[in-house]
Amino acid sequence: MRISFLGGGNMASALIGGMLERGFAAADIQVVELQEEGRKRLAERFGVRTVGAVDDALLDCDVLVLAVKPQQMKAALAPLAGRLARQVVVSIAAGLRLADIGRWLGGYARLVRVMPNTPALIGAGVSGLYADPSVDAAGRAATERVLAAVGSTAWIAEEAQMDAVTAVSGSGPAYVFHFIEALEAAGASLGFDAATARKLAIDTVLGAAKLAAGSDEAPGVLRERVTSKGGTTEAALASMQASGFFDTIVAAVKAAEVRGRELGEQLGRD
Ligand SMILES: NC(=O)C1=CN([C@@H]2O[C@H](COP(=O)(O)OP(=O)(O)OC[C@H]3O[C@@H](n4cnc5c(N)ncnc54)[C@H](O)[C@@H]3O)[C@@H](O)[C@H]2O)C=CC1
Ligand SMILES: O=C(O)[C@@H]1CCC=N1
């Protein structure tokens, strides 16, 4: 299977790195990237073919992943219009709706909308996938093969739900990193050196996530098991509750979902 990327930034790099780790061949991967520095970095890091503009070789692929920013998409698709025939086109852009992408491609429907996340780089991503009804089983399977190489996958029933996937798991790693930053800062302010504070924070999040992933019990039950009556955790959770921690997270995820829909509506007017 040959895979081409339009845009070779953060997310394309995370996907390519994960795919190579999972046995995809560098010779089967190509990237069109506008920035010369970006092209050099991709070629050196991954050994993939890079080009500065769309050419016929780039389009000779089974799956074409659209990995430019939503605001860059319309202009980036212009050189592709009318040149696609069999490729499954997979957009990972936040917000953008398949109908608009298809229109910008000059009328193309073999489209799948995917929302991955950056832990794909280490094979630990999670992606939501939604295919245009016209995409056949082979097209869906090809898309799933790419994303399954870099983590778990879930097909989503309605395209409108893709903005919620974006808000929960697409942006989600940033919320977790922010939590790690806060835990690390707390450790440092309690007197640990930077390296120790970071290790305690990261290993705690890693261990807790692994415990939750491997357990039949809900995260809330696991939380209760840490919380001794009259103990330290209870004091911390009471402080979190008083400052609205839980509701803050829920509101933040909802803000991301609203922003995804706004992006789709605004950019789709073009
Ligand atoms: N960063 C993340 O965690 C995630 C990002 N996404 C989506 O992935 C897409 C890419 O995001 P990032 O990788 O973070 O952005 P980025 O800015 O790192 O990468 C975009 C790349 O596309 C290149 N580019 C722009 N116009 C181009 C064109 N016409 N032809 C070729 N290359 C062009 C840019 O030079 C840049 O290197 C976005 O649509 C975003 O919504 C989806 C899931 C997670
Ligand atoms: O922040 C963004 O818009 C992209 C989509 C999900 C993660 N990063």
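Residues numbered from 1 in each chain as written. Chains lettered and ligands numbered in written order. Predicted model: local features only at pLDDT ≥ 70, side-chain atom pairs only at ≥ 80, totals over all residues. Heavy atoms only, no water.

We count it as follows: UniProt positions are given in the numbering used here, feature names are shortened, and annotations may be inferred rather than shown by experiment.
Per an unreviewed UniProt entry, the protein chain is named Pyrroline-5-carboxylate reductase, and its organism is Aromatoleum petrolei. The UniProt entry for the protein chain carries this comment under Function (unreviewed entry): "Catalyzes the reduction of 1-pyrroline-5-carboxylate (PCA) to L-proline."

### Points about the site of ligand 2
Which entries qualify depends on this criterion: Near, as used in this document, describes a residue that has one of its heavy atoms within 4 Å of the molecule or strand being considered. Each accessible area value is a Shrake-Rupley result obtained with a 1.4 Å probe; residue values ignore everything except the protein chains displayed when judging cover.
Neighbouring ligand 2 are Ala 94, Thr 166, Gly 170 and Ser 171. Summarising the interface, the protein chains cover 45% of the accessible area of ligand 2, which totals 250 Å² for the free molecule.

### Concerning the confidence of the model for the protein chain
Heads up, the condition is: Values of pLDDT, which run from 0 to 100, indicate the predictor's confidence residue by residue.
Of the residues in the protein chain, 100% have a pLDDT of 70 or more, and the chain-wide mean is 97. Two numbers describe this predicted complex: its pTM, 0.96, and its ipTM, 0.98.

### Some words on the site of ligand 1
Definition in use: Any pair of N or O atoms that falls within 3.5 Å is considered a polar contact. Within protein, one atom must be able to donate a hydrogen and the other to accept it, and sequence-neighbouring residues count only if both atoms are side-chain atoms. Strands are runs of DSSP state E lasting at least two residues, helices are runs of H or I lasting at least four, and both sets are numbered from the N terminus onward.
What surrounds ligand 1 is a group of 21 residues, the closest being Asn 10, Met 11, Glu 33, Val 68 and Ala 94. At 2.6 Å, a backbone N or O of Val 68 approaches an oxygen atom of ligand 1. Note that an oxygen atom of ligand 1 is positioned 3.3 Å from one of the side-chain N or O atoms of Lys 69. For ligand 1, whose unbound accessible area comes to 830 Å², protein coverage reaches 82%. Elements supplying a minimum of two residues to the shell around ligand 1: helix H1 (10-21) and helix H4 (70-77).

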